[in-house]
Amino acid sequence: MRILYIFAIFATFLDLSLGDGDDENVDYQITDKTYPEGFVFGVATASYQIEGGWNEDGKGEQIWDTWIHNNPGIVADGSTGDVASDSYHKYKEDVACMKEVGVQYYRLSISWARILPTGRIDKVNQAGVNYYLNVLKELKANGIEAMVTLYHWDLPTALQDIGGWTNPEIVEVFADFARLSYGLFGDYVQTWVTINEPKQICHGGYANAGYAPGIDSKGVGEYSCARNILLAHARGWHIYDQEFRSKQNGRITIVIDSDWYEPTNYTPEDEQAAETKRQFVFGMYANPVFIGNWPQVMIDRVADRSAKEGFNSSRLPAFSDEEISLIKGTYDFLALNHYTTYMVGAADEPAIGSPSWELDAGGNVYQKDTWEQAAIGWFRVVPWGFGKLLKWIKATYGDLEIVITENGVSDRTGTLEDDHRINYIRSYMSHMLDAMYEDNIKITGYTLWSIIDNFEWTQGFNAKLGIYYINMTDPERPRVAKKSSKYYAKVIETGCLLDSCA
Ligand code: NOJ
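Because the structure is predicted, anything quoted here is derived from the model rather than measured.

S.K.: Looking at this model, I keep getting lost on the overall build of the protein. Mind explaining?
M.R.: A tally of helices and strands in the protein yields 18 helices and 15 strands. Projected onto the principal axes, the alpha-carbon positions of the protein cover approximately 65 × 60 × 50 Å. Pairs at least 24 apart in sequence give 77% of the contacts found in the protein among residues at least 6 apart. Of the roughly 18600 Å² of accessible surface on the protein, a fraction of 51% belongs to carbon and sulfur atoms. Looking at the protein, you have 43 positive and 69 negative side-chain charges, and the mean spots of the two groups are 3 Å apart.

S.K.: Explanation requested: the sheet that holds strand E8 (residues 341-345) in the structure shown.
M.R.: In sheet architecture, strand pairing relies on hydrogen bonds along the backbone and comes in two forms, parallel and antiparallel. Across the sheet, which stays open at both edges, the three strands sit in the order E6-E8-E9 with mixed pairing between neighbours. Of all strands in the sheet, those with a lone pairing partner are strand E6 (260-263) and strand E9 (364-366), marking the two edges. The average undirected angle you get between the axes of adjacent strands in this sheet is 30 degrees. Sheet topology note: the E8/E9 ladder contains three bridges and is antiparallel. Paired with Val344 across the strands is Val365, a residue of E9. On the sheet, helix H16 (residues 383-397) packs against E6 and E8 and is oriented at approximately 95 degrees with respect to E6.

S.K.: Is there a simple way to think about the pairing of E6 in this case?
M.R.: A regular strand places its side chains on the two faces of the sheet in alternate fashion. Burial along E6 is two-sided: Trp260 and Glu262 facing one way and Tyr261 and Pro263 facing the other are all buried. Where E6 and E8 come together, four bridges link them in parallel fashion. Within the sheet, the bridge partner assigned to Pro263 lies in E8 and is Val344.

S.K.: How should helix H4 (residues 63-70) be read in this particular structure?
M.R.: Think of an α-helix as turning once every 3.6 residues; residues three or four places apart then point the same way. Counting buried positions over the eight residues of H4 gives six, a clear majority of the element. Every buried residue belonging to H4 is among Ile63, Trp64, Asp65, Thr66, Trp67 and Ile68, and all of these are buried. Elements in contact with the buried residues of H4: helix H3 (47-50), strand E3 (145-151) and helix H8 (157-160). Of the residues that open H4, the one with a side-chain oxygen 2.9 Å from the backbone nitrogen of Trp64 is Gln62.

S.K.: Honestly, the state of the cysteines in this entry has me stumped. Any pointers?
M.R.: What makes a disulfide is a covalent bond joining the sulfur atoms belonging to two cysteines. Summed over the entire model, instances satisfying the criterion amount to two disulfides. Covalently, Cys202 is tied to Cys225 through a disulfide, its sulfur atoms 2.1 Å apart. Residues Cys202 and Cys225 share a disulfide whose torsion about the S-S bond is about -75 degrees; that sign makes it left-handed. Placement of the pair is Cys202 in helix H10 (residues 198-206) and Cys225 in helix H11 (residues 221-248), with a sequence separation of 23 residues. With a relative accessible area of 0%, Cys202 lands in the buried category. According to the relative accessible area criterion, Cys225 is buried, its value standing at 0%. Across the protein, the way the bonded cysteines pair up, counted in sequence order, is 1-2, 3-4.

S.K.: Where do I start with the nonpolar core in this structure?
M.R.: The tendency in soluble globular proteins is for nonpolar side chains to be buried as a group. Residues Trp112, Trp165 and Tyr488 are the most contacted members of the largest nonpolar core, which totals 152 residues. The element contributing the most residues to this core is H11, with twelve residues. Leaving out residues up to four positions away in the same chain, Trp112 has contacts with Gly119, Tyr151, Asp154, Leu155, Pro156, Leu159, Trp165, Ile170, Val173, Phe174 and Phe177. The next biggest cluster of nonpolar side chains, apart from the first, holds seven residues, and it includes Tyr105, Phe333, Ala335 and Val403.

S.K.: Could you clarify how one ought to interpret the sheet that holds strand E7 (residues 334-337) in this entry?
M.R.: Spatially, E1-E2-E3-E4-E5-E7-E12-E13 is the arrangement adopted by the eight strands of the closed barrel, whose pairing is parallel. Across the sheet, the axes of successive neighbouring strands diverge by a mean angle of 25 degrees, strand direction being ignored. Helix H7 (residues 126-141) rests against strand E2 (105-109) and E3 of the sheet, and its axis sits at about 170 degrees to E2.

S.K.: In this structure, what is going on with unusual backbone geometry? I would like to understand it.
M.R.: Keep in mind that most residues, glycine aside, have a negative phi and that most peptide bonds are trans. Cis geometry is found at the peptide bond from Ala212 to Pro213, where omega equals 10 degrees. Here Pro213 is to be found in the loop between H10 and H11. Residues Trp449 and Ser450 are joined by a peptide bond in cis, for which omega reads 15 degrees. Inspection of the secondary structure puts Ser450 in the loop between strand E13 (443-449) and strand E14 (468-470). Residues other than glycine seldom take positive phi values, yet Ala84 does so here, at roughly 50 degrees. Following the sequence through the fold, Ala84 ends up in the loop between H4 and helix H5 (87-101). When its relative accessible area of 1% is taken as the criterion, Ala84 is described as buried. Within the chain, Trp457 stands out as a residue other than glycine whose phi angle is a positive 50 degrees.

Calculation notes
- Residues numbered from 1 in each chain as written.
- Predicted model: local features only at pLDDT ≥ 70, side-chain atom pairs only at ≥ 80, totals over all residues.
- Heavy atoms only, no water.
- Helix = DSSP H or I, 4+ residues; strand = E, 2+ residues; numbered from the N terminus.
- Contact = heavy atoms within 4.5 Å.
- Areas by Shrake-Rupley, 256 points an atom, 1.4 Å probe, with all protein chains shown as cover.
- Lys, Arg positive; Asp, Glu negative; His and termini not counted.
- Charge placed at Lys NZ, Arg CZ, Asp CG, Glu CD.
- Pairing = 2+ DSSP bridges.
- Axes fitted to C-alpha atoms, helices over the stretch in contact; angles between N-to-C directions.
- Buried < 20%, exposed > 50% of the residue type's maximum accessible area, 1.4 Å probe, protein only.
- Polar contact = N/O pair within 3.5 Å; in protein donor to acceptor, adjacent residues only side chain to side chain.
- Disulfide = S-S within 2.5 Å.
- Core = buried A, V, L, I, M, F, W, Y, C linked by side-chain atoms within 4.5 Å.

Here is the structure:
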C-alpha cells in the first residue's frame, strides 16, 4: 500500500503514466501559444500510396503489386494501387497543392523497384530515376524542401523471392540502393529517412499477414526482420555520413512509429505492463539506435518464453558487440510517426505454445469504445496520448531533437467539410505545443499525413487521409481542397491553432 502511494506521488510529479488520461482531459483547452520561429511544417506521402504507374516505363514489380494482384480479396474495397492518386503523371499538381498550403517541406518516398527493377544495383531504370529527379526539381522550383524516405514498404518482389527482410543478404542490397540514391538525388534532398515504420514492416508483413508480403512467421520471422532492418538502416546511415554528408549537407535518420500505451490503473502492475509494451513497440527499434542493443526487458522475456517453448536459443536474435556499435548513434534526430493510443492492464503471463511478439510483450491491450473512431479499425482519436508519448520519450531517451514525420486522421467519405480533421490536427498539435512549452521538448517540425487522398494499404480507398480530396473513380484524379487544407495553411502562416488568430 505504502509502495503504491509513493509510486502515485512520484508519477504525479512526473505527470507520466497516470492511468486513463480521459478524465484528466475533459476540460482541456487548446493552447493559445504559437509555434516558434524556425519550426517547420510539411506534408507526407509514400510511393505506392500515390504514384500508380505500377508497371510503366520499366518499373519492376514490388511486394504490394504482387500480394494484391495475387489476393484480390485482401483490400477492403477491392481496389489496388495500380493507379492510386496517379502522382506518376500528376506530381506537378501535388506540388501545386503544397504551394497553396505553404508547407516548407514534402516527405515523399522512392519506389525501389522503379529505379532498380530487380532490387539490385546492376540494372538501373533511367526512366524511374528521371521521374524522381523531375519531382525533386519541381519542389525546388517551388521553394519546397525534400525529405525522402528510401523504404516505405515497397520491396522489389525479386528480393522477397529470396526471403525479403528475413534474409541477412538484404542488408548489403539495401546499402547499395541507399548509396545509389544519395548519389542520384542527394543534391536535391535536405533530409533522408532510411526506413519508415519498421514495426509495421516486420509485424504486419512477417507475422500478422496484414501487410505485404503477407507472411505468417510470428515470434520468429518478425524478429529476424527487425534485426535486418536495423542493420540495413545503420549501413544506410553510415554510408551517407561517410561518403555524402560533407558534400550534400543533409540529415538522415530512421522513422519509428509509436502509439501511446496508457496503464489501465495507477498501479505498479499496470504501469509495468504498459512500460513493457512500450519497450516492445518503440524500444524494440529505438533502443538499438538511441541507446544500443534491444531493450533488456525484451531480451529477458523472449529468452525466457523461448526456453519454455522448447527452443535451444532465444527467438530474438542477438546482436554482436560490433553490430551494437554499428547501429548505436545512427540518427541525426528522432523521427516519430504517431496516430493513436491504447490502454494496457496487467494480465496473467500468456500461455506458452504459440510464439509471437504480441504474447512476448504480454499485457491486456485495448482501446476504449468511448474514444472517437476514425475510418480504420485501430484508429481512435486520443490527443492527450500524444503529449504523454512525447514526455515519456524525453524521460526515457533524453533530450533529443524530435521531428513528427507523420500524424493525421482518416474518414470514409473524403468530405470537403472535414471539421473532424481540423479538430484532430488542432488538438494533436496543441498537445505537441504544450510538450514544447511546458516540458521543454525539442520538437522542430511537424508533418501532416497526407497532402492528398491516397491508397491506404489494405483499406484501399476506404480510408481517406488527405487534405485534398481525390475522386478515385475519376480518370483525371482532380485534387480538390478540403476545409482542413485552409486550416493547415493558416496554422503555417500564423503559427497559431486558434480560429481567433489574425
Ligand atoms: C503510417 C504509414 O507510414 C502510412 O503509410 C499510412 O498511410 C499512415 N500510417 C496512415 O495509416
